[in-house]
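Examining the three-dimensional arrangement
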Amino acid sequence: MQETGISHLKDTLRSDIESAWSKAWDSGNVNALDEIVSPDYVRRLTNSGLRSGIDEVKDEILKIREALPDLHTSIDRILVEGDCAAVYWHSTGTFTESLNGVPPTGGTVETYGSNLVTVQDGKIISEDVTWDATQLLNDLGLSSLASAFEEHTVDPVVDNLDGTPHREMLKAFNRQFVSGVTVVSVLDETGTPKGLAVSSYNSVSLDPPLVLFCVQKTSSTYPSLFRGKHLGINILSCEQRETLGVFASKDKDKFARVPWHEGPNGSPLIDGSAAAVEVEVKERFQALTHTVFIGRVVHAETSKDEPIIYKAGKFFDSRNLDPLD
């Protein structure tokens, strides 16, 4: 008789969890979770140790559902032992809207997780989870985006040695670095060429042939670059000061004023550049306000033209170091 009663409680708990999860994750009725959690419910992320209440959980579910409107979650099994239950589940969906500032890729995902819940008086009082939105992006193939979910508590600073951090010192330091000027380009989802001027370009390695560049997330070109699988990187020549002005502007159709040709994988490469490469995007690292792209070079071309030099907010002719207006 006692075993029958325990079995009934287990079945009721399983049924309640399945029902509430289906309403919350598949239909967006997050208030259904109130039926199964206690007022002082706490969720703990096992990877980071972060703790949150039911309101934060609801907000995360709604954000994820907004990013993946066709999200469907299935509970594979629930194991109940005493006052604890282990919930094993998987979800499928399509990444069609942005998630925490990460542009959609249109990719489909199947993601798995397990939750350990503790029950008291028929309500879940705590939950230890192995999965969060960062894991969702990992399963979408965006494995380097963990920092997109870190809280931004302070601005980047440099200590001026009197104990007071000074952001302007870091800006002044960066302005003293001498670099070239590149235009990063891509064909967007409609086949339209897009691009913007970027000074933060570097070679990572020759074997394998990897390069990196950084793009500010507020750029109108950023979503297209983020979705792109192949991108062009054009090192502008001293003869392309006018071209630089085009790509530093907010012109909506910059390539209409610039001659260009396609790389082997369709990336726009600008005619007359000192050099140009086409890369296959391998990683996208979030750095709060910017994203660091790492690409593998799949095509390269060079010319005899000398590159523009950039330093302290000014451009110079690399042949004789004369300023370029």
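Provided above is the structure to which this section pertains.
Quick caveat: nothing in here was measured; it's all calculated off a predicted structure. (Residues numbered from 1 in each chain as written. Predicted model: local features only at pLDDT ≥ 70, side-chain atom pairs only at ≥ 80, totals over all residues. Heavy atoms only, no water.)

1. Observations regarding the overall build of the protein
Along the backbone of the protein there are six helices and 21 strands. Within the protein, buried positions represent 40% of all 325 residues. Considering only residue pairs separated by 6 or more positions, the protein has 59% of its internal contacts joining residues 24 or more positions apart. For the protein, the accessible surface area stands at approximately 17,700 Å², while carbon and sulfur atoms represent 51% of it. (Helix = DSSP H or I, 4+ residues; strand = E, 2+ residues; numbered from the N terminus. Buried < 20%, exposed > 50% of the residue type's maximum accessible area, 1.4 Å probe, protein only. Contact = heavy atoms within 4.5 Å. Areas by Shrake-Rupley, 256 points an atom, 1.4 Å probe, with all protein chains shown as cover.)

2. Quick word on the pairing of strand β6 (residues 123–129)
Strand residues, when the strand is regular, have side chains that alternate between the two faces of the sheet. Across five bridges, the pairing between strand β1 (residues 37–45) and β6 is parallel. If you follow leucine 45 over to β6, its bridge partner there is valine 129. Pairing of strand β5 (residues 108–120) with β6, which is carried by six bridges, proceeds in the antiparallel orientation. Opposite valine 119, over in β6, you have isoleucine 124 as the bridge partner. Counting the residues that bridge the hairpin from β5 to β6 gives two residues, and of these aspartate 121 lies at a positive phi of roughly 55 degrees. (Pairing = 2+ DSSP bridges.)

3. Some words on the environment of glycine 232
Mapping glycine 232 onto the fold places it in strand β14 (residues 230–235). Here glycine 232 falls in the buried class, since its relative accessible area comes to 0%. Between the alpha carbons of glycine 232 and isoleucine 270 there is a distance of 8.8 Å; along the sequence they are 38 residues apart. Apart from residues lying up to four places away in sequence, glycine 232 is in contact with Val183, Val184, Ser185, Ser267, Pro268, Leu269, Val277 and Glu278.

4. So, empty space enclosed by the protein
Counted under the stated rule, the structure contains one cavity of 30 Å³ or more. Reported here for the largest cavity is a volume of approximately 270 Å³. The wall of the largest cavity is formed by 24 residues, among which Trp21, Trp25, Val57, Asn115 and Glu127 lie closest to the centre. Among the secondary structure elements, those contributing two or more residues to the lining of the largest cavity are α1 (2–27), β1, α2 (54–67), β4 (84–94), β5 and β6. Looking at which element gives the most residues to the lining of the largest cavity, the answer is α2, with five residues. When grouped by side-chain class, the residues that make up the lining of the largest cavity number 17 nonpolar, four polar and three charged. (1 Å grid on protein atoms, 1.4 Å probe; cavity = no way out; pocket = protein on both sides within 12 Å on 5 of 7 lines; lining within 4 Å. Points joined across faces, edges and corners; volume = space filled by probe spheres on them. Nonpolar A, V, L, I, M, F, W, Y, C, P; charged D, E, K, R; others polar.)

5. Re α2
Over its 14 residues, α2 extends 20 Å from the first C-alpha to the last, a length consistent with the 20 Å expected when each residue adds 1.5 Å. Within the span of α2, buried status applies to Ile54, Val57, Lys58, Glu60, Ile61, Ile64, Arg65 and Ala67. (Expected span 1.5 Å × (residues − 1).)

6. With respect to the pattern of salt bridges
Per the counting criterion, the structure on display carries six salt bridges. The salt bridge involving lysine 58 is made with aspartate 34; its shortest N-O contact spans 3.0 Å. In this pair, lysine 58 sits in helix α2 while aspartate 34 sits in the loop between α1 and β1, placing the two residues 24 residues apart along the sequence. The class for aspartate 34 is partly exposed, based on a relative accessible area of 37%. (Salt bridge = Lys/Arg side-chain N within 4 Å of Asp/Glu carboxyl O.)

7. Overview of the side chain of histidine 90
Positionally, histidine 90 belongs in strand β4. The class of histidine 90 is buried, set by a relative accessible area of 17%. Once residues within four sequence positions are removed from consideration, histidine 90 is found in contact with His72, Thr73, Ser74, Asp76, Glu110, Thr111 and Tyr112.

8. Brief notes about the nonpolar core
Here is a general trend for soluble globular proteins: nonpolar side chains tend to be buried in one another's company. The biggest cluster of nonpolar side chains holds 52 residues, and the ones touching the most others in it are Leu33, Ile64, Phe95 and Phe293. With six residues, the single largest contributor to this core is α1. Discounting chain neighbours no more than four positions away, the residues touching phenylalanine 293 are Val211, Leu212, Phe213, Val215, Tyr222, Leu225, Phe226, Leu231, Val281, Glu283 and Arg284. The next biggest cluster of nonpolar side chains, apart from the first, holds 11 residues, and it includes Val181, Phe247, Phe255 and Ile270. (Core = buried A, V, L, I, M, F, W, Y, C linked by side-chain atoms within 4.5 Å.)

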